[in-house]
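Okay, here's what each chain looks like letter by letter:
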Number of protein chains: 2
Amino acid sequence: MPRTGLDAIFSPSSIAIVGASRHRGKIGYEILHNLIVNEYQGTVYPVNPKATSVHGIRSYRSVLEIPDAVDLAVITVPAEVAIAAVEECGKKGVKGLVVITAGFREVGEAGAAREARLVALCDEYGMTMIGPNCMGVINTHPDIQMDATFAPTPPLPGGISLATQSGALGIAILDHAKSLGVGFAKFCSLGNKAQVSLNDLLRMWHRDPDTKLILAYIENFGNPRNFVRIARETTKDKPVIAVKSGRSEAGSRAAVSHTGSLGGSDLAADAVFTQTGVLRANSIEELFDLAMAFALQPIPRGDRVAVVSDAGGPAIMCVDELVAQGLRLAELDRATITYMKSWAPSEASLHNPIDLTPQGSLEDYRRAMEAVLADEGVDAAIAIYVPPVRVNEVDVARAIWETAQKHRKPVLCNFLGRAEDSAGFVELVTHRVPSYSYPESAARALAAMRRYARFRDREEGELRTFSVNRGAAESSLARARAEGRALLRGDEANMLLEAYGIRTAATRFVRSVEDLPRAAAEIGYPVVMKAVGPTLIHKSEMHAVLLDVRAKDALLDGASQMARRLRDRGVALEGFLVQEFVTGGMEVILGMTRDKVYGPCLVFGLGGIYVEYLKDVAFGLPPLTDRDGMRMIESIRTYPLLKGVRGERARDVKAVQDALLRLAQLVSDFEAIQEIDLNPVVVFPEGDGYKTVDARIALAPPAAET
Amino acid sequence: MPRTGLDAIFSPSSIAIVGASRHRGKIGYEILHNLIVNEYQGTVYPVNPKATSVHGIRSYRSVLEIPDAVDLAVITVPAEVAIAAVEECGKKGVKGLVVITAGFREVGEAGAAREARLVALCDEYGMTMIGPNCMGVINTHPDIQMDATFAPTPPLPGGISLATQSGALGIAILDHAKSLGVGFAKFCSLGNKAQVSLNDLLRMWHRDPDTKLILAYIENFGNPRNFVRIARETTKDKPVIAVKSGRSEAGSRAAVSHTGSLGGSDLAADAVFTQTGVLRANSIEELFDLAMAFALQPIPRGDRVAVVSDAGGPAIMCVDELVAQGLRLAELDRATITYMKSWAPSEASLHNPIDLTPQGSLEDYRRAMEAVLADEGVDAAIAIYVPPVRVNEVDVARAIWETAQKHRKPVLCNFLGRAEDSAGFVELVTHRVPSYSYPESAARALAAMRRYARFRDREEGELRTFSVNRGAAESSLARARAEGRALLRGDEANMLLEAYGIRTAATRFVRSVEDLPRAAAEIGYPVVMKAVGPTLIHKSEMHAVLLDVRAKDALLDGASQMARRLRDRGVALEGFLVQEFVTGGMEVILGMTRDKVYGPCLVFGLGGIYVEYLKDVAFGLPPLTDRDGMRMIESIRTYPLLKGVRGERARDVKAVQDALLRLAQLVSDFEAIQEIDLNPVVVFPEGDGYKTVDARIALAPPAAET
């Protein structure tokens, strides 16, 4: 008896196929056929109002007519009648639904209304639903053996569970994976994700003992914040590899029309992957390459790689890629090299990468693999083989996998020039050695394993909650809203930031020139003076800023002249900001944009042209642990400048980290804040903190706040 | 009768196999066997001192015994006896040699001496030689039909010629290419390149009417400057695609031990490819992917791509990659879309990328391909197909190639989830439609075709020769050499630069404090004053620089204090430099390093941290055309800063281009100059030129100058 709705879907004791068809080629036929021929271990009930038996099995006119309990119903009838069928399932007490039927949200408004009705019925009857508009589910566990899809062939059983937002792509993956010797535990085509989401599956598969590795094809995140939380927990125990499409704007638009959902910024998507340790594959090929390595081999314990080959060229190409991917060539023990010298052909090159040349025999190859894997300075090996004319490649393949099985170190293989169905390839993958068509692919896959290991073992960090003055922040925002302003004034912005412990240059707002001296005296000279008006966004272009004002007279003169000049140009003036003149630090930028999909997205970079022209910025999604914050700061290319170059003192990076975490808390607390741009923030030498010099804080239009 | 040595090698009327063997598996057997079974159209003469016939053919004890003329001799005997065999070939009047035998430079000193002897014999007898240590040559022309390799199967005839520095890799390429439907005109395994180089082959294949596309696997350039010249001419007419291994330092070291030659800096290699329009493939896979596209399809006339698919997911992945590669989605004509609406399934998405969904029929797919290829807004198309359960993929493949043949626009294909030997794949490639396993590979290959078109059509530019004062430059260098200095003094460096028309800040060198005022008066205040001494490299760290000195007294005081301070610290002082104080410009760096392999390598970037921490620099190898120089400048990421941002005036980029070209001429004229570092060069607003403020010029040690 299944305990949850998802259990009912993946481990049902009984399945009703609503829309089971007698006609080959119809989806209602193919799914029933797959369940039967792949020997589903429970009971199948075809439902067809016009038949008494389908595929040789007693069928029912309605789910309600089935005499026994039904755990799962697979709905294949057209959209117009699907709602009624689902309502009958509810009445019957069905726990899980897989709705294959298309014609919902993806076809526009009428479809969206139909989808809402579907969800309402699920809620009413307590049913859990996959889809609609999906291609079905699979569970290869021998007690279940359920292939409730219309895929042409069932996958091999194995340790991978795959969730996909494109059914066709999912089935192509299952198809191709079979030839790579890669097997699956569970498969789920998510369809429109009207109810069950990738997050639900991640949570389930994280606990599932049959699932060793999770793959996902993602077009959009339903709830990115939940994903961040759930994926982060999952990757601590199991690798998750995902393809996220819609990297480009054009691709993103296409994804919208494909799934009817917004994709959101790809920079934010990248931040999601960085923070959660989900390995992002940038192509379908990379997804396969990585999946094969993770599924078949152990994770390497270090980054020292040995390359064994019978041809110099491909070995060099492999080394180039290993190094480009951040791995390094193992330095072999002198004893290992001496040992190899005792039998290797004289032409051979025995310093890693090892090139036995075509003169090397099968036995030489086996001994070289054995020698490098036994070497304590080696964490992983890549075996490259260019099958020459006269050697049986299956013998070489056997030598490789037999040696690999004796050691707990990953071994990846490349038989160059051989197709994926060559005898050597098949020999390797059926004995759990991943084999690639190209040496570079093996190098990239190994590097991804190492990247996962580094993520898994990294310090998680703590989620800090700062004690802040939420009330003061609230009132700062309330005032601007009350006055109908979408932009906070400089002094309001500073008050808001200070309420959250983010340091700002001392600032006063005054309405008239006469009030300036008192404000400046409070702050202390030298000061900066800025004109404030509704159209004064780019103050420097209007000459509406005075820097380094050192005394009262200069302040008054400057302000009067500025006021006259602006008046002459017809620029409205609301008053002046007086601000502490901050110098002697390095400029950085802290900011936030609220993405429609991802929510608040924090940004950090060095000030000025670094951000604008070099795009040297880091993104992060709250909640951030303290380590997340530091990793953001450390990840920009210009980080060395912050740490001090050419004998300069290091800047107060810890203080910037503190500011970033406080900013994260601020934007999580107030959804009304649409955008924050602290530019520049001047960072002083280590221990001396920082000061925000200019803060631009924009509010969401009132409608969006609800 | 062959006209040149290379003709004798690739189109011989008769071939002697020196070392022809009766034993299967021996190289001397396999090559003879390949020649015979692949129906070489000339006459083969086996040479074997111990046999009267080999492989059923009358054999000779020595080349000298052959009664007829011999165009080409293939040498397979061991290294110890190869020299004698080659000498006999010389005496016989053989024109071309292919030396398969290994055991030359690649095995160390004794081998290198043997190789020198080989080359001397070729020179003496006027023979042209491929190898030694190579795997042979192929010419598929029906009049020749020569497979003088020991590859397992002959390649398909076709338009590609392939030169490779790794024989094993080359043969793996031939092997794999066969399954991709890609055919070859000529093949050459270069081996040690003791005489015939890649440059010779490029020159030959440039003129060869059978060669439409040239592929190369390169481990090191023998003469990079010749390569730049020859490749540049070749790519104007034919695409050249190359893999250059040794990108990483570790890979480069491995390449040295593989071929016994230095690889040189990979940044210089990249500059070679940029300047010559040779497409660099970064992996063996990319080499195949590009070769297939170029070999089978026309070059696209623009960058507007249509994507037709039956599945949204892979189409989106394809679009992402197209955009990442700099192509764009074609905007379809309204009429095209209206037409498709009239028959497409209602679920279909008809705005590019077109997703017909699995509901689309074979006929729908054919009509969609036809419609987009007929659309004038489309330059190329990618056809994506995820074979569903019930459609015959060969029918789809036929629909695609039949449509493609009607239009002169490139069509690339991806059948997702299908292996390279699937029926659909074979149907496509045998009808000249390249087919890829993944949608992203098709996108990358199409982008490379477009990149080639842009290179081919770009403005070549002119090689300018400036009228310079070579004598003055000479004497500047001579003085430093006479005094045994490896570094030019600031004033000497400036004199050298000015002799070549490179502008420098006015500079005087004086020996004593007393001489300072006159020098400063000549230049005009304000000036910069720097102490000069053999250990004063980093002057700012020793406080040995005074900026913005505005009058005589300040100059004298400053110099006296500085002299005292340096004396107290025991720093030797030779004198002072007085220099014009240059302000108000943007700092850039111009430089040159002389690479052991590539020769002078010019570098350009923005000054300071941009070069040091962001590695935002461009490299170029002389000779540079004026357009080459400008392309170098335009290629850095921070180029917008030079063009003026935030309302600033543009800098004098044309003057920088002039300086770069003059620098190229200078370093080509004087091989004794080892390194130049003009840092900073201050660039003024457009029309106002630039000034070199600090010039560091180092000479090669005398030994290296000869």
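This one's a predicted model, so the numbers in the text were calculated from it and none came from an experiment. (Residues numbered from 1 in each chain as written. Chains lettered and ligands numbered in written order. Predicted model: local features only at pLDDT ≥ 70, side-chain atom pairs only at ≥ 80, totals over all residues. Heavy atoms only, no water.)

The pLDDT averaged across chain A works out to 91; a share of 95% of its residues lies at or above 70. Here the predicted complex carries an ipTM of 0.86, next to a pTM of 0.88. (pLDDT = per-residue confidence, 0-100.)

What follows deals with the interface of chain A and chain B. Across the contact, 70 residues belong to chain A and 69 residues belong to chain B. Between chain A and chain B the total buried area reaches about 5600 Å² when both faces are included, carbon and sulfur atoms providing 65% of it. The interface formed by chain A and chain B includes 2 salt bridges. Its salt-bridge partner being Glu321 of chain A, residue Arg247 of chain B comes within 3.0 Å of it at the nearest N-O pair. Where chain A meets chain B, there are 14 residue pairs in polar contact (both at pLDDT 80 or more). Contributing elements (two or more residues each) for the side of chain A that touches chain B: helix H5 (167-179), helix H8 (249-259), helix H10 (284-296), helix H11 (312-324), helix H16 (439-457), helix H21 (609-614) and helix H23 (639-643) of chain A. Considering each element in turn, the side of chain A that touches chain B owes the most residues, 10 residues, to H11 of chain A. (Contact = heavy atoms within 4.5 Å. Buried area = accessible area lost by both parts, 1.4 Å probe. Salt bridge = Lys/Arg side-chain N within 4 Å of Asp/Glu carboxyl O. Polar contact = N/O pair within 3.5 Å; in protein donor to acceptor, adjacent residues only side chain to side chain. Helix = DSSP H or I, 4+ residues; strand = E, 2+ residues; numbered from the N terminus.)

Attention now moves to unusual backbone geometry. Glycine aside, a negative phi is what most residues show, and trans is what most peptide bonds show. Residues and elements named next belong to chain A. Going from Gly131 to Pro132, the amide bond is cis rather than trans, its omega being 0°. By the element assignment, Pro132 lies in the loop between strand E7 (128-130) and strand E8 (136-139). Even without being a glycine, Glu39 presents a positive backbone phi close to 60°. Although it is not a glycine, Asp548 adopts a positive phi angle of roughly 50°. Take Asp548: it is sitting in strand E23 (residues 545-549). Residue Asp548 is classed as partly exposed on the basis of its relative accessible area, which comes to 26%. (Buried < 20%, exposed > 50% of the residue type's maximum accessible area, 1.4 Å probe, protein only.)

Right, let's get into the domain arrangement of chain A. Split by domain assignment, chain A resolves into domain 1 (1-135), domain 2 (151-296), domain 3 (297-457), domain 4 (470-580) and domain 5 (586-704). Domain 3 of chain A and domain 4 of chain A are separated by 66 Å when their C-alpha centres are compared. (Domains from an automatic or database assignment.)

All names here are of chain A. Tracing the backbone shows Ala519 in helix H19 (residues 516-523). Sequence spacing of Ala519 and Gln579 is 60 residues, and the spatial spacing of their C-alpha atoms is 8.8 Å. Among residues more than four places away in sequence, those in contact with Ala519 are Arg508, Val510 and Val578.

We now examine the sheet that holds strand E9 (residues 146-149) of chain A. All names here are of chain A. Taken in spatial order, the 7 strands line up as E9-E8-E11-E10-E12-E13-E14 in an open sheet, and their pairing is mixed. Two strands lie at the open edges of the sheet, namely E9 and strand E14 (279-281), each paired on one side alone. When the angles between neighbouring strand axes are averaged without regard to direction, this sheet yields 20°. Across 4 bridges, the pairing between E8 and E9 is antiparallel. Within the sheet, the bridge partner assigned to Ile138 lies in E9 and is Asp147. (Pairing = 2+ DSSP bridges. Axes fitted to C-alpha atoms, helices over the stretch in contact; angles between N-to-C directions.)

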